[in-house]
Amino acid sequence: MSYDVVVAGGGSAGVGAAVGAARAGAKVLLLERHGCLGGAAAVRNVLTLCGLYTLGEDCRMVVGGVGAEVVEALKTRKAITGPHRFRGVFSCFEPEAMKVVLDDLVARAGVDVRFGATLTGTERDGDRIRAVTYSDHGGAHRVEAGGFVDCTGDGDLAHLGGASTRYGNADGVNLGTLGTRFGGIPADVTVTAPQIAEAVAAFNANATATGQISDLTKDKCVIVRLPGSNDMVLYLASADYDPRDAASLSRAEMDVRRQAWGYLDAIRTIEGCGGAYLVSTGPEIGTRESRHLNSQRQFTWADIEGRATFDDTIALGAWGAEWHDRGTYASTFDYPPEKGSYEIPLSCLHSVDTENLFCAGRLADGDRKGGAAIRVMGTAMATGQAAGVAAAQVANGTFSPQAVRDVLRGQGATLSVQDLS
């Protein structure tokens, strides 16, 4: 098979990349190992769109293009609420609606999608990737392309393709957490962060006193109530693991699922929550950070603090440096200056040593705080769209950062603060 662009990973970043490339005129193949699009939004219970809005009182939307279209489609289905505030500003959505919204988006763009497709290998030709191999229930398939975008989250395409990558950063790797969805909590019952912290502390103390496992890890997180069902989603059950190592990941998955039932017992002690039940866990643990693609430029927190401007800006970010510590399970959140927006350059998405490889989402080349700020799903849609357009241009021999910017503007993307006025 032959395509102009192959996108690996069908999460927020991957859908943005596939649609951006297709609308730029490329023949696009999107590979997804699960049976639906959405990535963390569909299979990890990450049901908050972060990075869409500035964090100040004016709360302006900074993501245009594909991201804005997704929000509008969810609104049409009455499947999104917000913006809400908890440290940052976010919207929450119903995942089943998100799945069909993304299906419709890629179908209208003319993207070829393959579900159940696991990337297994690549072929390299000098400083370019020439082809990828993926497997499904029909066997192994080889696909050639002129441009590639890695949106796998774990950098599988880049790693298999011999591109330069690194695991996290030298000063740390963000903690992974399981999203847990609870039903049976009446809509008129408000659950607060202090109530959850108190319930978790009491559960751990009682477990210790009775000789049981008592290591519920986190006691603070955003509290999400979903549109329609009013189900409550929490991000508490956490583990220190290496997502590149199947044995480490497997132990973590079992550990956090066990914790989920402990959190349910704790929540049932909160007034009004006695009838709570566990709707779903994950079904995968939410990895916040894994491999980064070593790119032509590293995006840094200093860039955010200094309001840096770039000749190759392709998106605006607005989320803060959200950090979850692997040792203490505590989280911190550093705000961008004036809680406003900041520019993100294309060069932090373009491989340093593989000419036709781009990335998006949490693979973007960022330092500890810079990467933590731009990894979130709202921002990932924007970086994905840019990476897809760039890959399409590399495939047809017209690539330049300015040309990417011109096409993105034509696709409705937001590239500057002036675009917000």
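Note: the structure precedes this text.
These lines cover the structure that appears in this document, whether it is placed above or below. (Residues numbered from 1 in each chain as written. Predicted model: local features only at pLDDT ≥ 70, side-chain atom pairs only at ≥ 80, totals over all residues. Heavy atoms only, no water.)

Quick notes on the packing of aromatic side chains
Next up, step 1: Following the criterion strictly, the structure yields five aromatic pairs and no others.
Next up, step 2: Residues Trp319 and Phe333 carry aromatic rings whose centres are separated by 5.1 Å and whose planes lie at 85° to one another, so their mutual orientation is edge-to-face. Taken together, the residues span a long stretch of sequence, with Trp319 in the loop between β16 (313–317) and β17 (321–324) and Phe333 in strand β18 (residues 331–334) at a distance of 14 residues.
Next up, step 3: The exposure class of Trp319 is buried, given its relative accessible area of 4%.
Next up, step 4: One aromatic cluster is present, built from ring pairs that chain together Phe299, Phe310 and Tyr342.
Next up, step 5: For the cation-ring pair, Arg244 lies above Tyr167, with the distance from its terminal atom to the ring centre recorded as 3.8 Å. (Phe/Tyr/Trp six-rings, centres within 6.5 Å; stacked < 30°, edge-to-face > 60°. Helix = DSSP H or I, 4+ residues; strand = E, 2+ residues; numbered from the N terminus. Buried < 20%, exposed > 50% of the residue type's maximum accessible area, 1.4 Å probe, protein only. Lys NZ or Arg CZ within 6 Å of the ring centre and 35° of its normal.)

Things to note about helix α1 (residues 12–23)
Next up, step 1: The first and last C-alpha atoms of α1 sit 17 Å apart over 12 residues, in line with the 16 Å expected at 1.5 Å per residue.
Next up, step 2: For α1, every residue scored as buried is listed here: Ser12, Ala13, Gly14, Val15, Gly16, Ala17, Ala18, Val19, Gly20, Ala21 and Ala22.
Next up, step 3: The elements touched by buried residues of α1 are β1 (2–8), β2 (28–32), α3 (65–76), α4 (95–109), β9 (139–150) and α10 (377–396).
Next up, step 4: Immediately beyond the C-terminal end of α1, within one or two residues, lies Gly25, with a positive phi of roughly 100°. (Expected span 1.5 Å × (residues − 1). Contact = heavy atoms within 4.5 Å.)

A word on the pattern of salt bridges
Next up, step 1: A full pass over the atoms with the stated rule returns 28 salt bridges.
Next up, step 2: With a shortest N-O distance of 3.4 Å, Arg60 and Asp58 are connected by a salt bridge.
Next up, step 3: We note a salt bridge from Arg258 to Asp215, for which the minimum N-O separation is 3.1 Å. In this pair, Arg258 sits in helix α7 (residues 246–267) while Asp215 sits in the loop between α6 (193–209) and β12 (224–225), placing the two residues 43 residues apart along the sequence.
Next up, step 4: Put simply, Glu123, Arg130, Arg142 and Glu144 are held in one network by salt bridges that share partners. (Salt bridge = Lys/Arg side-chain N within 4 Å of Asp/Glu carboxyl O.)

Here's the deal with the pairing of β1
Next up, step 1: In terms of residue burial, β1 counts as a mostly covered element, since five of its seven residues are buried.
Next up, step 2: As paired elements, β1 and β9 share six bridges and run parallel to each other. Within β9, the position partnered with Ala8 by the bridge is Asp150.
Next up, step 3: The pairing of β1 with β2 spans four bridges and is parallel. (Pairing = 2+ DSSP bridges.)

Looking at the environment of Asp325
Next up, step 1: By the secondary structure assignment, Asp325 is in the loop between β17 and β18.
Next up, step 2: By relative accessible area, Asp325 is classed as partly exposed at 27%.
Next up, step 3: Sequence separation between Asp325 and Ala117 is 208 residues, and the spatial gap between their C-alpha atoms is 33 Å.
Next up, step 4: Excluding residues that lie within four positions of it along the chain, Asp325 makes contacts with Leu175 and Ala330.
Next up, step 5: A polar atom in the side chain of Asp325 sits 2.8 Å from the backbone nitrogen of Thr328. (Polar contact = N/O pair within 3.5 Å; in protein donor to acceptor, adjacent residues only side chain to side chain.)

Some thoughts on the packing of α3 against α4
Next up, step 1: Close contact between α3 and α4 brings their axes to 10 Å; oriented N to C, the two are set at 130°. With respect to each other, α3 and α4 are oriented oblique. The two elements α3 and α4 meet at a crossing, and its hand is right-handed. Where α3 approaches α4, its residues Val66, Glu69, Val70, Ala73 and Leu74 are matched on the opposing element by Ala97, Met98, Val101, Leu102 and Leu105.
Next up, step 2: Of the residues contributing to the contact of α3 with α4, the split by class is nine nonpolar, no polar and one charged. (Axes fitted to C-alpha atoms, helices over the stretch in contact; angles between N-to-C directions. Parallel < 35°, antiparallel > 145°, perpendicular 65-115°, else oblique. Left-handed = near helix turned anticlockwise from the far one by under 90°. Nonpolar A, V, L, I, M, F, W, Y, C, P; charged D, E, K, R; others polar.)

A few points about unusual backbone geometry
Next up, step 1: The step from Gly82 to Pro83 runs through a cis peptide bond, and the omega angle for that step is 10°.
Next up, step 2: Mapping Pro83 onto the fold places it in strand β4 (residues 80–86).
Next up, step 3: The amide bond that connects Gly282 to the next residue, Pro283, takes the cis arrangement and shows omega of 10°.
Next up, step 4: Within the fold, Pro283 resides in the loop between β14 (277–281) and β15 (291–293).
Next up, step 5: One non-glycine residue with positive phi stands out, namely Tyr329, at about 65°.
Next up, step 6: Position of Tyr329 among the secondary structure elements: in the loop between β17 and β18.
Next up, step 7: Judged by relative accessible area, Tyr329 falls into the partly exposed class, the value being 24%.
Next up, step 8: Look at Lys339: it is not a glycine, yet its phi comes out positive at around 55°.
Next up, step 9: With respect to the helices and strands, Lys339 occurs in the loop between β18 and β19 (342–345).

What about the side chain of Arg362?
Next up, step 1: The topology assignment puts Arg362 in the loop between β20 (357–359) and α9 (368–374).
Next up, step 2: Arg362 gets classed as buried once you look at its relative accessible area, which sits at 14%.
Next up, step 3: A polar contact is formed between the side chain of Arg362 and the backbone oxygen of Thr287, at a distance of 3.2 Å.
Next up, step 4: Apart from residues no more than four positions distant in its own chain, Arg362 is found in contact with Arg44, Thr152, Gly153, Asp154, Thr287, Arg288, Glu289, Ser290, Arg291, His292 and Arg375.

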